[in-house]
Structure formats: C-alpha cells, structure tokens
Amino acid sequence: MRADVLGSTVGWPPQRACDNLREYAEKAVLPRMDPSTARPQYHRRANNLSIKHEDRRQLEYVQIIPKPQFFSSVTRFCSTHLPNINCGFDDVDHENGGGITIDAPDFEPCAALAAVGKGSNTVQVFQWVMRYPLWTVNHMIHLAFNPTESYTLQEGEEFVDGDIFRWAIWARDDESIMDSEDVYNADSVMIMVQPPWVLAEEDLRSFAQLGTFDHRDGRRKPMTSSERLWGKVWDLCYQKRAHWFVLTSYEFWMPEWTYASVSPIMADYKSEPTTVQCLFFWFSSAVAKLVGREDTWPLPVVGNLFSYPAASAWTQP
C-alpha cells in the first residue's frame with residue numbers, strides 16, 4: 001500500500017469521546033466565536049460594574065500560579081485520571097442535557113447545537129461558555145468520577161449588571177442535598193462571564209496583579225475596574241460559599257481560588273494543554289476530597305504565602 005494512502009487511514013473510523021477521554025481532551029479546541037459586526041468595540045472603562053466599597057471585603061494576598069507548574073499539573077493529572085478506554089456511556093448527557101459538544105480531530109462530530117448567535121451580546125457570549133466548554137467538561141467529570149453525578153451546571157440570575165456580567169455555578173443539584181449544611185459547599189465552582197469587549201486579556205492580567213484587596217481601612221477613593229471586578233467576584237463567592245471560580249470572556253480563561261491563587265491566562269485556541277484539560281483539572285480540584293484524588297491543585301493556607309516547588313522539581317508526564 002502506498003504511504004500516502006496508508007496515512008489517510010489513520011484515525012478511521014472516528015471514535016467517540018467517551019471511547020478515549022484522555023486523547024479527546026488533548027485534541028478538543030474550543031470553536032472560535034464568530035463576532036458579529038454589531039459587537040461593541042472594546043473600551044477599558046466599559047467594565048463599570050455596580051460595586052461600591054464594603055468593609056467586609058478583604059483579600060490579603062493575590063499570587064499568580066506559575067505557568068510551568070500549573071500546566072505541568074494539568075497535563076499530568078489528565079494523563080493519569082482521564083480514561084483511554086471506553087467508559088461504558090455515551091457522549092450525550094441524556095439525564096441532564098448537554099454532553100460532549102466540542103469537535104476534535106479523529107473523533108465523531110458532535111451533535112449540532114441550537115443556534116447560540118455570533119457572540120454580539122453578553123447573553124450570547126454566556127451561552128457559548130455554557131454550551132461548549134462547560135457542558136463538555138461537566139459530562140467528562142461525570143464519566144471519569146462517578147461521585148460527581150449529582151453536580152450540575154446551574155445558571156444564575158443577574159439583576160443588576162446583566163448587560164456586562166453573567167454567572168453560573170457547578171454544584172450539587174438541589175434534589176441531592178440531604179443536609180442543610182450541604183447547601184453551601186466549598187467544592188462548588190463559580191463561573192463568571194463578561195464579554196470580550198468588556199473583559200480583555202489585559203483586564204484579566206490587571207485583575208490577577210491587583211496584589212491585595214482590602215476595604216477595612218475606611219478609604220473611599222474611587223474603585224478601579226479591577227477592584228470592582230474583584231468586589232463582584234467576592235460578593236458572589238461569599239453568597240454561594242464557593243472557594244473555586246473561573247473568570248472568562250470565552251476568548252480568555254482564568255481559573256482561580258478565592259483567597260490566594262490565580263492561574264495563568266489561557267486562550268480559547270491554546271492547545272498545550274487545552275482549555276478543556278485545564279477546566280477538567282480545576283473542577284476536579286474543587287471536588288478532590290469527594291473523588292479521592294490527591295494530585296489536584298493544592299490549596300494554600302489562608303493568610304500565608306503558598307510556597308511553590310521549584311520549577312526543576314516538576315516534570316512533564
């Protein structure tokens with residue numbers, strides 16, 4: 001057989017994502033949002049959230065997680081815990097809706113989704129976040145870790161800043177909560193979305209580099225855009241008792257932990273590791289105790305600086 005003909009048979013027939021979640025996560029790249037000509041132009045002062053000073057808000061230290069360590073942890077965790085054999089299930093989440101929705105080379109095309117628009121307004125951008133990466137990662141975690149089956153994606157209601165801010169929470173379904181103490185659980189993940197013309201890459205960088213966030217000293221100087229965003233994040237995480245969250249414009253992503261750590265900024269088109277792998281790792285870290293995994297991202301001790309291992313101590317899997 002000629003070499004070029006032989007080469008064309010590789011990866012055929014295409015497999016389902018549930019047949020090899022490990023390889024799928026390595027190849028799944030978010031579809032690019034097709035911005036409409038009606039999309040507003042980016043303006044640095046567009047992020048005018050309705051947030052005021054509150055003495056109760058305090059963040060002693062914000063530390064950016066070093067990129068080599070974070071990406072190495074993501075790759076190693078996914079290589080270890082995502083199965084490369086059939087999970088015995090389907091790519092469609094028949095119980096909760098959604099499922100695997102991101103196409104990947106050498107895998108069966110995903111079922112067509114209802115139109116979500118071109119991403120020309122905040123509602124459409126939010127639906128791109130929900131229906132592609134979040135539906136996919138939610139189903140992957142259910143397939144990989146059975147104890148998470150009661151966790152679902154729940155869209156939140158935003159009454160004040162809905163034109164520039166939307167949110168959802170990945171948490172236990174209300175019907176699965178048997179104890180009143182479980183209503184607020186630290187292993188949930190908040191997903192907070194702002195459109196690209198409000199939250200650009202430079203805004204995420206400023207958000208991460210804020211350093212401290214403390215209103216207890218009674219200062220009443222005007223809040224910066226980053227401070228207002230931190231205030232919004234703080235209030236929602238406090239309300240939901242959530243320690244883990246993800247901030248995104250769909251085009252850029254930043255997983256974070258409320259009291260100390262923010263990850264490197266990820267682009268939707270990044271391939272090593274993919275956004276899907278990073279989100280799977282971060283959601284898994286939130287439920288590490290539930291699923292019995294100790295190689296997720298370690299939480300720092302609140303109030304102390306977290307000592308990261310030297311880069312030389314980390315190896316690629």
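The structure presented is a predicted model; accordingly, all values stated were derived computationally and were not measured.

Conventions we followed
Residues numbered from 1 in each chain as written. Predicted model: local features only at pLDDT ≥ 70, side-chain atom pairs only at ≥ 80, totals over all residues. Heavy atoms only, no water. pLDDT = per-residue confidence, 0-100. Helix = DSSP H or I, 4+ residues; strand = E, 2+ residues; numbered from the N terminus. Contact = heavy atoms within 4.5 Å. Buried < 20%, exposed > 50% of the residue type's maximum accessible area, 1.4 Å probe, protein only.

A. Local environment of the confidence of the model for the protein chain. Chain-level statistics for the protein chain give a pLDDT mean of 81 and a share of 78% at 70 or above. Taking the mean pLDDT of every element in the protein chain, the minimum, 34, falls on helix α1 (residues 3-7) and the maximum, 97, on helix α2 (residues 21-27). Below a pLDDT of 50 lies the segment residues 1-10, which in the model reaches 2 contacts outside its immediate sequence neighbourhood of four places, other chains included. Ignoring residues within four places in sequence, the model shows residues 302-317, a span with pLDDT below 50, making 29 contacts including any to other chains.

B. Local environment of the environment of A111. Mapped onto the elements, A111 comes out in the loop between α3 (67-81) and α4 (122-144). Classification of A111 by relative accessible area gives exposed; the value is 60%. The sequence separation of A111 and G98 amounts to 13 residues, and the corresponding C-alpha distance is 9.8 Å.

C. Spatial organisation of the side chain of S188. Positionally, S188 belongs in the loop between β4 (166-172) and β5 (189-193). Here S188 falls in the buried class, since its relative accessible area comes to 1%. Discounting chain neighbours no more than four positions away, the residues touching S188 are I169, W170, A171, A242, W244 and A286.

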